[in-house]
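# Close look at the chain arrangement
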Amino acid sequence: MRAAVLRDRRMVFRDDVPDPVPGPGQVLVSVRACGICGSDLHFAAHGDEMLSMTEQMGVGAPTVDLQSDVFMGHEFSAEVLEAGPDTDTHAPGTLVTSIPVLASPSGFEPIVYSNTTLGGYAERMLLSAPLLLPIPNGLDPKHAALTEPMAVGLHAVNKSAIAQGETALVLGCGPIGIAIIAALRIRGVETIVAADFSPKRRQLAAAMGASDTIDPAEGSPFDTVNPKVVFEAVGVPGIIDDVMRRIPPGSRIVVAGVCMQPDTVHPFFAIAKEINVQFVLAYDPTEFAESLRSIAEGDIDVRPMITGEVGLDGVGDAFDDLADPERHCKILVTP
């Protein structure tokens, strides 16, 4: 079977991966599309550091050997091929998506980074039958593959508890910032200001629902915007501290950007202004299902986000291309 794997910090093509065999409660699926996520790019560049920091939290680091090939790909849509023993599920040919978790007799394994559990950068993979969500009839599987990143944006907005009349400022218009903008628009937030240095990303932000866009190179967004909620989707040192220094008293900060370096903040700013800072990660199953419904019903049009498509043999180049914000937002892998 063909797949793209992480090897020595690079995505390489293989045509000799053993076919997965579904066990009880599992379903073998054929991958129709898989989005390349920014967290995959992070792991390719900083995998050892990410595993180390996870272990330092005391929650148990994923068992991943970076000296061996690593399977990835967690933003996917697929077609049911066959079920494992004693497993009732959807009929073969059904198009599905799922939260990226695989249940097995040994427990639950996230479909994110693994030496053994296949992800969406492969022709076929295993999914948990109880977690499957049928893709509504007529929805393009390529669009359904974006359910996962859109759920991340929805979760950030839900955690913010933003009201319709409050002003939102989104810093960073990569895929997660764009997903936040789309979720804000669905929630009925009227004033959504998006800031990014990239003209192409600002244009995409406007297409996805931003009421105004700002180029930070021309001045701080806070010079013209008085936000109640700031969504930080950049993930570089210094951003959180600068936001706390500039935002109005009683504001809220939702941190969705993944910063891989140590950062410094001045708590005085947050204390003096009684600022609420909320860090967010992923989503829950109901938010995942709601995101699929929003895409299927046309509440979110994800088509502008899809800026490229490659086969399994092109994943390595796609990882490189995504470093340029003027070229791409979301590249889909279509095995």
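Rules of the game
Residues numbered from 1 in each chain as written. Predicted model: local features only at pLDDT ≥ 70, side-chain atom pairs only at ≥ 80, totals over all residues. Heavy atoms only, no water. Salt bridge = Lys/Arg side-chain N within 4 Å of Asp/Glu carboxyl O. Pairing = 2+ DSSP bridges. Helix = DSSP H or I, 4+ residues; strand = E, 2+ residues; numbered from the N terminus. Axes fitted to C-alpha atoms, helices over the stretch in contact; angles between N-to-C directions. Contact = heavy atoms within 4.5 Å. UniProt positions renumbered as here; feature names shortened; annotations may be inferred. Phe/Tyr/Trp six-rings, centres within 6.5 Å; stacked < 30°, edge-to-face > 60°. Buried < 20%, exposed > 50% of the residue type's maximum accessible area, 1.4 Å probe, protein only. Domains from an automatic or database assignment. Buried area = accessible area lost by both parts, 1.4 Å probe. Polar contact = N/O pair within 3.5 Å; in protein donor to acceptor, adjacent residues only side chain to side chain.

### Concerning the pattern of salt bridges
Tallied over the full model, the rule gives 19 salt bridges. Through salt bridges that share partners, Arg7, Arg14, Asp16 and Asp69 make up one connected network.

### Looking at the sheet that holds strand 11 (residues 192-195)
Read from one edge of the open sheet, six strands run 12-11-10-13-14-15, paired in parallel fashion. Unpaired on one side and paired on the other, strand 12 (212-214) and strand 15 (276-279) mark the two borders of the sheet. Neighbouring strand axes in the sheet, compared pairwise and without regard to direction, differ in orientation by 20 degrees on average. Bridging between strand 13 (residues 229-232) and strand 14 (residues 252-255) involves four bridges; their strand directions are parallel. Counted as the bridge partner of Val230 is Ile253 from strand 14. Across the face of the sheet, helix 3 (residues 147-160) comes into contact with strand 13, strand 14 and strand 15 while running at roughly 150 degrees to strand 13.

### Some details on the UniProt feature "domain: Alcohol dehydrogenase-like C-terminal" (unreviewed entry) in the protein chain
Using the residue numbers shown here, the UniProt feature "domain: Alcohol dehydrogenase-like C-terminal" (unreviewed entry) corresponds to residues 175-296. For residues 175-296, the helix share is 39%, the strand share is 16%, and the end-to-end C-alpha distance is 19 Å.

### Observations regarding the packing of aromatic side chains
Applying the stated criterion to the full structure yields four aromatic pairs. The interplanar angle of 5 degrees and the centroid separation of 3.9 Å between the aromatic rings of Phe43 and Tyr113 together place this pair among those described as stacked. Of this pair, Phe43 sits in helix 1 (residues 38-56) while Tyr113 sits in the loop between strand 7 (107-110) and strand 8 (124-128), and the two are 70 residues apart along the sequence. Tyr113 carries the same exposure label as Phe43, and that label is buried. Relative to Phe319, the ring of Tyr121 has its centre 6.3 Å away and its plane inclined at 75 degrees; by these criteria the two rings are edge-to-face.

### Let's talk about the environment of Val96
Within the fold, Val96 resides in strand 5 (residues 95-98). Residues Val96 and Leu127 lie 31 residues apart in sequence; the distance between their C-alpha atoms is 9.9 Å. Apart from the residues within four sequence positions on either side, Val96 is in contact with Val29, Ser77, Ala78, Val80, His90, Leu127, Leu132, Leu133, Pro134 and Ile135.

### Digging into the domain arrangement of the protein chain
On domain assignment, one finds that the protein chain holds domain 1 (3-134 + 302-333) and domain 2 (149-279). Between domain 1 and domain 2, the C-alpha centre-to-centre distance is 29 Å. In total, domain 1 and domain 2 occlude about 1300 Å² of area from one another, counting both sides; carbon and sulfur atoms represent 70% of this. Considering only the surface of domain 1 that becomes buried against domain 2, Met305, Glu326 and Cys329 emerge as the three largest contributors, covering 37% of it. Counting across the interface, domain 1 meets domain 2 through zero salt bridges. Applying the counting criterion to the domain 1 and domain 2 interface returns three residue pairs in polar contact (both at pLDDT 80 or more). Counting residues per element, the side of domain 1 that touches domain 2 draws most heavily on helix 1, which supplies five residues.

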